[in-house]
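If you want the building blocks of each chain, they are given just below.
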Amino acid sequence: MIKTVVVAVKVIWTVCVVGTATVIGGLLGFGAHGWIGAIGFGTAGFGIGAALAAWPELLVELLAGL
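Position numbers for residues count from 1 along each chain, tracking the sequence in the order it is written. For a predicted model such as this one, the threshold for reporting local features is a pLDDT of at least 70, and the threshold for listing and counting side-chain atom pairs is 80 or more; totals across whole chains, interfaces and linings nevertheless cover every residue. Hydrogens and water molecules were not included; the side-chain quantities draw on all heavy atoms of the structure.

Caption draft 1: Structural detail: helix α1 (residues 2-54). By definition, any uninterrupted DSSP run of H or I lasting at least four residues is a helix, any uninterrupted run of E lasting at least two residues is a strand, and each is numbered from the N terminus. To estimate the expected span of a helix, subtract one from its residue number and multiply by 1.5 Å. Look at α1: only 20 Å from first C-alpha to last across 53 residues, short of the 78 Å you get at 1.5 Å a residue. Along α1, the sharpest change in direction is near 150 degrees and occurs at H33. A residue's bend is the angle separating two fitted axes: one through the seven residues that end there, the other through the seven that start there.

Caption draft 2: Summary view of the packing of aromatic side chains. Whether two aromatic rings pair depends on their centres lying within 6.5 Å, for rings of Phe, Tyr and Trp, where Trp uses its six-membered ring; planes under 30 degrees apart make the pair stacked, over 60 edge-to-face, and the rest tilted. Under the definition given, this model contains one aromatic pair. Centre to centre, the rings of F30 and W35 are 5.0 Å apart; their planes meet at 65 degrees, and the pair counts as edge-to-face. Partly exposed residues are those whose accessible area sits between 20% and 50% of the maximum for their type, while under 20% is buried and over 50% is exposed, using a 1.4 Å probe and protein chains only. Look at F30 and you get partly exposed, because its relative accessible area is 43%.

Caption draft 3: Just the nonpolar core, in detail. In this structure, V17, V18, L52, A53 and L59 together form the largest nonpolar core, which totals five residues. By the convention used here, residues are in contact when the closest approach between their heavy atoms is within 4.5 Å. Apart from residues lying up to four places away in sequence, V18 is in contact with F46, G49, A50 and A53. By convention a nonpolar core is built from buried Ala, Val, Leu, Ile, Met, Phe, Trp, Tyr and Cys residues, the set being connected through side-chain atoms within 4.5 Å.

In structure tokens:
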């Protein structure tokens, strides 16, 4: 039971972080460079979000430094 809850939390965490990073990248890219920028920045946001989802302590470290 506990293992299922841990897996569910990890999946929700990953979807939220990757989705948020992709949307932010897409919005910034669209605002600055149009559709091509949205695709490029969205892809970069996806990669950054995947890295932050894989290493949550990196995200906490970045947020603590603000």
